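Chain and residue survey
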Amino acid sequence: MIKAKKWKYGLLAGMIACAAIGFASCGGTVDDGQTGETPMLVGPQAISATPTTVETYVNSSFSLNLRYNWGDFDVIGALNTEGAPQPDFNIRWESSVLGAVEFQSQDMYDENSDIVYFNVGNYAGTVTLTGTSAANPMATTSVEVVIRSDGGLGGDYQPCEEEKLELELVGDHYVVTGLGEYQLGSVEMGTYWNEPNALIIIGQPYGIPITEIADDAFDGNTDITHFESSTVTKIGDRAFEGCTSLTTIYLEENIEIGDYAFKGCENFTKAIIRSVKSIGEYAFANLTNFNNVMGGAGDLRLQYVDNAFIGAHAFENCTAFTYMDGGGTGLTIGEYAFAGCTGLENVSNFGAGTIGSYAFDGCVNLGRANSGLSAEKVMPYAFNGCIAMNSFHAYKQAEIMENAFATCKNLSSVSFAEGVTKIGANAFADCANLSDVISYASVGVIEENAFKGCIKLCQFRVDGSVGEVKAGAFERAGTEVASSRYKYLSYQVSEGTKIFRTDSFKNAALQEIDLSKSETIEVYSFRTCTGEVSIVLPSWMTEIPAKMFAGFMGMVNLTFAPNTTSIGEEAFFNCSVETLVLPTTIVNVGVRAFAASELKKLTVETLDTPNNTYELVVFEDGAFRDCKSLEEISLEGWMSSRPKIAFGLMENCFSGCTALKTVNLGNVNAIRAYAFANVRSLKSFTFVPWKSDTTPVGMSLHSTVEGVSDTFFYSSEIADATLMANALNSGNYDSYSWTIK
């Protein structure tokens, strides 16, 4: 049953030979041969074709007699008059069925009649053939052509079973709109199946291929058990919805499958598809018996054309699949496409352009075997709940969106072959077994909490640069490393990290990090960060801001930038650096700058060539207060390399340093009240008092700093004090609870 649409396929009447009178009609224009101008064309007032009904056969031919009515127009006179309007014999023919009847040629009999020849294609049925004057669209004629499929010329045509389907001609192909009178049959295809109710579409009715199954074409059909086609490339929305007996389909290449195409096919088990262009939303969703695509039981093997698409929920809850692979580039996987595929364990050779949100949500066994998943863009929650997944590798530059791998608690390794533009917020949060993240090219930005809670992360390596590390990006990372290679997190970025935001490594445990190439480090970037790491400050940080590294408990060694002049308030408060070597350029150590740190020894950098510049180096209030592990202060090195500097120790500067045993301050301009209060383990204390009235003009010493307070040893004990009393302020140094033993 065929529903034919009219098609204008632009058949021209062809060439009409008029050599005797020097005229050719081939395109509706005439050159007069002398002036080069194009005379006006005149069409007939009416045309008629005889006979008006033609009976013929497929693959045959026939002819029509065509008559022209020119009215008052003198055709012969026009042809013999230079520059006069010329007659146009062009007739355009159109068939109501594409390819059924085609124009062949036209012979001119005289100025009022022609003979026109036509070929008949491989189509059986009734066709309307319409002719229209090219110069006068009002002049038309039509002929009914009845084409038979048996006897006569072309009688070898053999009708195919597909002709009984409900077909609609669309362009150059047929679309199946229903089963019609088609008889489901028993067809054996190799060793695959032998079933009595198979729908087979392999023929081409009248030479025209059937390439589409229309929307809802077989909706609710409970008889079809198998569907196979070598010509169909597109299956419409809901085409087989509710076909509860359908178990198997066989299709060829570049297949497009519409939304809900096989919804409700509860017994569907197997699909043989050579390559896929697109699979629509919910196309195979909830088919719990579906377990074989191009392989054995449990296999989902799909070859994708480049830039193919798998729609949202396409394979959702197809629980029988255990293995998946595929080919092609630029594949887009829609949201929830494989969600709930709880049997899926192994993915191999499966590269995607984009993996949509929740695409593998709840695939609790995914990655239990070796996982070969890769993607360029991973959308939010794409692998939510994939608790068995153990690795992810991107072979092209990637973008990882927020929460993409959150809660993948067995994920152990991640790599990016061509770098990653973004690792989104919480992308790998709480991946408790993630140990290695490697990018072989630069990383753009690491968003908030991206690796938060990755307690076993021991290697983060980038062969390139990192643009920005945001707050909480590595919070609690590396705190429970179980590796023979590393004790804590090793953050290795060959070209440096440009920006560290506040709390980017909060509560992390660090073994290695390079700050020397950074452009921006915000305060508290390493707050409460533990581990054992040596820090080299970037060259631009000559004035260390307040609270910059406060709470950095993992800092065991610190190297200042060249020409460092000041250390801000609480810049290293509560840090774990053990040995501090002050640079020769330092002039100020801020309030509580190293207070409550784990400092054991304080010394100064020396110069090979003495610097005779007069300078005062001030340790502000409480600069080293409560450094309870501090045992030695050795600043006398500057007496030889910087002989004209002096220290000013402000109030409570070293108070509460209960383990302090040896102090050698060198030149001292001032020691303020309580500077060494509550210091009870001193064995030796030496300094050279230096008052402003003994210094040359130009030395920048302030009178309020000058002098030694009689309470600087409040509630302290000392075994040996060398005070060089000739320069001390007057006062009773025995009356404020400190004792020289």
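The coordinates are above.
In this report, the structure presented in the accompanying data block is examined.

Criteria and thresholds
- Residues numbered from 1 in each chain as written.
- Predicted model: local features only at pLDDT ≥ 70, side-chain atom pairs only at ≥ 80, totals over all residues.
- Heavy atoms only, no water.
- Pairing = 2+ DSSP bridges.
- Helix = DSSP H or I, 4+ residues; strand = E, 2+ residues; numbered from the N terminus.
- Axes fitted to C-alpha atoms, helices over the stretch in contact; angles between N-to-C directions.
- Salt bridge = Lys/Arg side-chain N within 4 Å of Asp/Glu carboxyl O.
- Buried < 20%, exposed > 50% of the residue type's maximum accessible area, 1.4 Å probe, protein only.
- Contact = heavy atoms within 4.5 Å.
- Phe/Tyr/Trp six-rings, centres within 6.5 Å; stacked < 30°, edge-to-face > 60°.
- Lys NZ or Arg CZ within 6 Å of the ring centre and 35° of its normal.

1. Let's talk about the sheet that holds strand E41 (residues 509-512)
Pairing is parallel in the open sheet, where seven strands are placed in the order E31-E33-E35-E37-E39-E41-E43. Both edges of this open sheet fall to strand E31 (391-394) and strand E43 (530-531), since each of them pairs with a single strand only. In this sheet, strand E39 (residues 489-493) lies alongside strand E37 (residues 459-462) in parallel orientation, the contact comprising four bridges. From the neighbouring strand, Phe460 faces E39, where its bridge partner is Tyr491.

2. As for the sheet that holds strand E11 (residues 113-120)
Across the sheet, which stays open at both edges, the four strands sit in the order E5-E7-E11-E10 with antiparallel pairing between neighbours. The strands lining the two open edges of the sheet, one partner per strand, are strand E5 (46-50) and strand E10 (101-110). Across the sheet, the mean angle from the axis of one strand to that of its neighbour is 25 degrees, orientation sign disregarded. Summarising the sheet, E5 and strand E7 (residues 61-69) pair through five bridges and their orientation is antiparallel. Pairing of Ala46 across the sheet is with Asn69, part of E7.

3. Brief notes about the pattern of salt bridges
For the structure on display, the rule yields 14 salt bridges. Where Arg485 meets Asp436, a salt bridge forms, and the shortest distance between an N and an O atom there is 3.0 Å. Taken as a pair, Arg485 in the loop between strand E38 (466-469) and E39 and Asp436 in strand E35 (residues 436-439) lie far apart in primary sequence, 49 residues in all. The residue Asp463 makes a salt bridge to Arg461 at a minimum N-O spacing of 3.3 Å. Arg461 sits in the partly exposed class, given a relative accessible area of 23%. Within the structure, one salt-bridge network assembled from shared partners comprises Lys547, Glu569, Glu570 and Arg592.

4. A closer look at the side chain of Ser415
As for its placement among the helices and strands, Ser415 is situated in strand E33 (residues 413-416). Leaving out residues up to four positions away in the same chain, Ser415 has contacts with Phe392, His393, Ala394, Ile438 and Tyr440.

5. Regarding the packing of aromatic side chains
In this structure the tally under the stated criterion is 55 aromatic pairs. Ring geometry for Trp70 and Phe73: centres 6.1 Å apart, planes at 45 degrees, overall tilted. You can call Trp70 buried: its relative accessible area is 5%. Here Phe460 and Phe474 contribute two aromatic rings whose centre-to-centre distance is 5.1 Å and whose plane-to-plane angle is 80 degrees, an arrangement assigned as edge-to-face. A residue pair is termed long-range when its members are at least 10 positions apart, and Phe460 in strand E37 and Phe474 in the loop between E38 and E39 qualify at 14 residues. When sorted by exposure, Phe460 lands in the same class as Phe474, which is buried. Its guanidinium or amino end placed over the ring of Tyr524, Arg527 lies 4.1 Å from that ring's centre, counting from NZ or CZ.

6. Structural notes on unusual backbone geometry
Glycine aside, residues mostly have negative phi, and peptide bonds are mostly found in the trans state. Cis geometry is adopted by the peptide bond preceding Pro51, which originates at Thr50 and carries an omega value of -5 degrees. As for its position among the elements, Pro51 is in the loop between E5 and strand E6 (53-57). The backbone of Tyr524 sits at a positive phi, close to 65 degrees, despite the residue not being glycine. Of note in the backbone geometry, Ala596 takes a positive phi value of approximately 60 degrees without being a glycine. In this structure, Ala596 sits in the loop between strand E49 (588-589) and strand E50 (601-604). We classify Ala596 as partly exposed; its relative accessible area is 28%.

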